[in-house]
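Spelled out from the first residue to the last, the chains are:
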Amino acid sequence: MDEMSPGVMVTICALMHFYYLVQLLHINNSDLAHILAALDEFHVNKHEIITAGVCQEKGSTAIDNWHIPKLKLMQSIIASISNSGMIGQWSADATEHAHITEIKDPARLTNNNNYNSQICQYLDHADKCNRFDLATSLLDGKLSIKNLEVI
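Residues numbered from 1 in each chain as written. Predicted model: local features only at pLDDT ≥ 70, side-chain atom pairs only at ≥ 80, totals over all residues. Heavy atoms only, no water.

Comments concerning the overall build of the protein
Applied cut-off: Note on conventions: DSSP H or I runs of at least 4 residues are helices, E runs of at least 2 residues are strands, and numbering of each starts at the N terminus. Partly exposed describes any residue whose relative accessible area lies between the buried limit of under 20% and the exposed limit of over 50%, with all areas from a 1.4 Å probe on protein chains only and scaled to the type maximum. Residues count as neighbours in contact if any of their non-hydrogen atoms are within 4.5 Å of one another. Per-residue and other accessible areas were derived by the Shrake-Rupley procedure at a 1.4 Å probe size, with only the shown protein chains allowed to occlude residues.
When helices and strands are tallied, the protein shows seven helices and zero strands. Sequence-ordered secondary structure for the protein, helices as α and strands as β, is α-α-α-α-α-α-α. Relative to its 151 residues, the protein shows a buried fraction of 20%. Residue pairs in contact within the protein that sit at least 24 positions apart in sequence constitute 48% of those at least 6 positions apart. Carbon and sulfur atoms make up 56% of the accessible area of the protein, which totals about 11,300 Å².

As structure tokens, then:
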């Protein structure tokens, strides 16, 4: 297949739109309606992917069904968000970003020995640098204490 059919494109766009919407930090009723519309559009057009033979198993055998566990979960996402709020696996979670900046990036700078102590040393150094930058910015008048947010 050299080019994507319009039906396959619509299906993929609807699915990507769904994934994008469910990652919102705050979801209201209007957002839920948009999520449902994207999911409905996916389901209306998903046959286009099977028809195009895009989904294949091992051995290049075309898949002719949608027995995919994650898709089954998608059916209950609206009710789950309405009842419980955001579902962690769908969100671009801040802790995931923190894990990258606070653990993975410092770990890349280590010598692959004693990760814990080296990461702690890196984080301690970064904290001292941030405090120094804050103090010098306050002294230079670049920042006002009134504009700082206390965490």
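Here we look at the packing of helix α1 (residues 6-21) against helix α2 (residues 29-45)
The line we're drawing: Every angle, taken between N-to-C directions, lies between 0 and 180 degrees, and every axis is a line fitted to C-alpha atoms, over only the stretch in contact when it is a helix. When describing relative orientation, an angle under 35 degrees is termed roughly parallel and one over 145 degrees roughly antiparallel, while 65 to 115 degrees is termed roughly perpendicular and anything else oblique. With the far helix as reference, a near helix turned anticlockwise by less than a right angle produces a left-handed crossing, and one turned clockwise produces a right-handed crossing.
The interhelical angle for the contact between α1 and α2, taken along N-to-C directions, is 150°, at an axis separation of 8 Å. When the axis of α1 is compared with that of α2, the two are roughly antiparallel. Here α1 runs over α2; the crossing is left-handed. Along its contact with α1, which presents G7, V10, T11, A14, L15, H17, F18 and L21, the element α2 presents H34, I35, A38, L39, E41, F42 and N45.

So, α2
Worth spelling out the cut-off: Working rule for helices: expected span equals 1.5 Å times residues minus one. N or O atoms closer than or at 3.5 Å make up a polar contact, with two conditions inside protein: a donor-capable atom paired with an acceptor-capable one, and, for residues adjacent in sequence, both atoms drawn from side chains.
The end-to-end C-alpha distance of α2 is 24 Å, a good match for the 24 Å that 17 residues give at a rise of 1.5 Å each. Burial in α2 covers these residues: D31, L32, I35, A38, L39, F42 and N45. Of the residues flanking the start of α2, the one acting as N-cap is N28, its side-chain oxygen 3.0 Å from the backbone nitrogen of S30.

A few points about the nonpolar core
Definition in use: Take the buried Ala, Val, Leu, Ile, Met, Phe, Trp, Tyr and Cys residues and link them wherever side-chain atoms come within 4.5 Å; each set so joined is a nonpolar core.
Core analysis: the largest hydrophobic core is formed by 14 residues, its most contacted members being F18, V22, L32, I35, M74, I77 and I78. Of all the secondary-structure elements, those providing two or more residues to this core are α1, α2 and α5 (77-84). Looking at which element gives the most residues to this core, the answer is α2, with five residues. With near-sequence residues (within four places) excluded, I78 lies in contact with L32, I35 and L36.

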